[in-house]
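# Close look at the chain arrangement
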Amino acid sequence: GYLLQDIIVYINQRSKEYCKQVFGTEIIDFSLDGNAISISYNGKQYEALSGGERQKLDIIIQLAIRDVLCAYTNFSTNIIVLDEIFDNLDDIGSGNIVELISNNLTDIKGIYIISHHAKSLNIPYDNELTVVKNESGVSYLI
């Protein structure tokens, strides 16, 4: 746990910034109890949150961990793939996540979003690939 102390402080700080963008508040908290990391939002433990709240926090946490890697290890990448990140989210929550990605992943040249809800999300994009599954269950591009 001692080795994670500075990392948890950094993730907590970055998560609060992202949380403010997604939820409009900074009431996310990471704490370290020995070797156990506890995550809570609005006073509730992660496990007690709704599916949509957990989905938003998952994205917030993933971006905060990416920031840790960039800050502490000189990690960089020019692409990121986000698979079904809008599940369990309503239109407002989905829009907040799109804004979070648009505002905070400016250093990434290629952002690939995989979604069954792409048409209804109104996501700005340069190109689109559509994958369909035929009667035999084989997927192909159209």
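One structure accompanies this document, and this report is about it. (Residues numbered from 1 in each chain as written. Predicted model: local features only at pLDDT ≥ 70, side-chain atom pairs only at ≥ 80, totals over all residues. Heavy atoms only, no water.)

### A word on the side chain of Arg14
Along the polypeptide, Arg14 turns up in helix α1 (residues 5-23). Note on Arg14: relative accessible area 18%, which makes it buried. Those residues in contact with Arg14 that sit more than four places away from it in its chain are Ala64 and Asp67. (Helix = DSSP H or I, 4+ residues; strand = E, 2+ residues; numbered from the N terminus. Buried < 20%, exposed > 50% of the residue type's maximum accessible area, 1.4 Å probe, protein only. Contact = heavy atoms within 4.5 Å.)

### Notes on a nonpolar patch on the surface
A contiguous nonpolar surface patch, about 380 Å² in accessible area, is contributed by Ile79, Val81, Tyr112 and Ile114. Mapped by element, the contributors of at least two residues to the nonpolar patch are β4 (79-83) and β5 (110-114). Along the chain, Ile79 turns up in strand β4. (Patch = residues over 30% accessible without salt bridge, like charges linked within 9 Å, V, L, I, M, F, W, Y side chains within 5 Å. Areas by Shrake-Rupley, 256 points an atom, 1.4 Å probe, with all protein chains shown as cover. Salt bridge = Lys/Arg side-chain N within 4 Å of Asp/Glu carboxyl O.)

### What to know about the packing of aromatic side chains
The final tally for this structure, using the stated rule, is two aromatic pairs. Plain terms: the ring middles of Tyr10 and Tyr72 are 5.7 Å apart, the flat faces sit at 85° to each other, and that makes the pair edge-to-face. Here the residue Tyr10 occupies a position in helix α1, and Tyr72 occupies one in helix α2 (residues 51-73), the gap between them amounting to 62 residues. (Phe/Tyr/Trp six-rings, centres within 6.5 Å; stacked < 30°, edge-to-face > 60°.)

### Some thoughts on helix α3 (residues 91-104)
Given a rise of 1.5 Å per residue, 14 residues ought to cover 20 Å, and the 20 Å separating the end C-alpha atoms of α3 matches this to within 8%. Within α3, the full set of buried residues consists of Gly93, Ser94, Asn96, Ile97, Val98, Leu100, Ile101 and Asn104. Considering only its buried residues, α3 is in contact with α1, α2, β4, β5 and α4 (118-121). Of the residues flanking the start of α3, the one acting as N-cap is Asp90, its side-chain oxygen 3.3 Å from the backbone nitrogen of Ile92. (Expected span 1.5 Å × (residues − 1). Polar contact = N/O pair within 3.5 Å; in protein donor to acceptor, adjacent residues only side chain to side chain.)

### Topic: the nonpolar core
Within soluble globular proteins, side chains that are nonpolar tend to cluster in buried spots. Ranked by internal contacts, the top residues of the largest apolar core, which has 32 residues, are Phe30, Leu57, Ile60, Ile85, Phe86, Ile97 and Leu100. Secondary-structure elements contributing two or more residues to this core are α1, β1 (28-33), β2 (36-41), α2, β4 and α3. At seven residues, α2 tops the list of elements feeding residues into this core. Look past the residues within four positions of Ile97 in its chain and what remains in contact with it is Val22, Lys56, Ile59, Ile85, Phe86 and Leu89. (Core = buried A, V, L, I, M, F, W, Y, C linked by side-chain atoms within 4.5 Å.)

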